[in-house]
Amino acid sequence: QVQLVESGGGLVQAGGSLRLSCAASGRTFSDYAMGWFRQAPGKEREFVAAISRGGANTHYVDSVKGRFTISRDNAKSTVYLQMNSLKPEDTAVYYCAAARAYLVITNKYDYWGQGTQVTVSS
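Residues numbered from 1 in each chain as written. Predicted model: local features only at pLDDT ≥ 70, side-chain atom pairs only at ≥ 80, totals over all residues. Heavy atoms only, no water.

Student: Got a minute to help me understand the packing of aromatic side chains in this structure?
Tutor: The description of an aromatic ring pair rests on the distance of the ring centres and on the angle between the ring planes. Under the defined criterion, the tally for this structure stands at five aromatic pairs. Both rings, one in tyrosine 32 and one in tyrosine 111, keep their centres 6.3 Å apart while their planes meet at 65°; by these two values the pair is edge-to-face. On the criterion of sequence distance, the pair formed by tyrosine 32 in the loop between strand 3 (18-25) and strand 4 (33-39) and tyrosine 111 in strand 10 (residues 111-112) is long-range, its members being 79 residues apart. With a relative accessible area of 5%, tyrosine 32 lands in the buried category. For tyrosine 111, a relative accessible area of 21% puts it in the partly exposed group. For the ring pair tyrosine 109 and tryptophan 112, a centre distance of 6.1 Å and an interplane angle of 65° mean the geometry is edge-to-face. On the accessibility criterion, tryptophan 112 (26% relative accessible area) is partly exposed. The structure contains a cluster of three or more aromatic residues connected by ring pairs, namely Phe37, Phe47, Tyr109 and Trp112. (Phe/Tyr/Trp six-rings, centres within 6.5 Å; stacked < 30°, edge-to-face > 60°. Helix = DSSP H or I, 4+ residues; strand = E, 2+ residues; numbered from the N terminus. Buried < 20%, exposed > 50% of the residue type's maximum accessible area, 1.4 Å probe, protein only.)

Student: Can you help me understand the sheet that holds strand 1 (residues 3-7) in this one?
Tutor: In any sheet, the strands associate via hydrogen bonds between backbone groups, in a parallel or an antiparallel arrangement. Strand order across the open sheet formed by four strands is 1-3-8-7, with antiparallel pairing between neighbours. Across the chains shown, the open sheet's two edge strands, defined by having one partner strand only, are strand 1 and strand 7 (68-73). Within this sheet the neighbouring strands show an average axis-to-axis angle of 15°, counted without direction. Bridging between strand 7 and strand 8 (residues 78-83) involves six bridges; their strand directions are antiparallel. When the sheet's bridge partners are listed, arginine 72 is paired in strand 8 with valine 79. (Pairing = 2+ DSSP bridges. Axes fitted to C-alpha atoms, helices over the stretch in contact; angles between N-to-C directions.)

Given below as structure tokens:
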């Protein structure tokens, strides 16, 4: 089992920044690809970003490219999502996820966190 705990969400004005963190425990963190997803009210959960086990490869949904950056610190068993130039349409609950694979850019993850709310005001 892998336990994931997100933090760093909050309320921010449009154009502002937030950094989300996701702390993992329970297994060897570097064995897992990590991803961030989000779910807005009334919408399906969507993929946001993913990072490979060692951090060499990343992948983003088009709507966040150039604004969001995913990174990881395997020594701290933590994955991050730096979000800049936030827009009201980024408002959602953000979830991190782990998969025992090199890199996963679908929703085929094995473990999920409980989510953290991000609200962007206009």
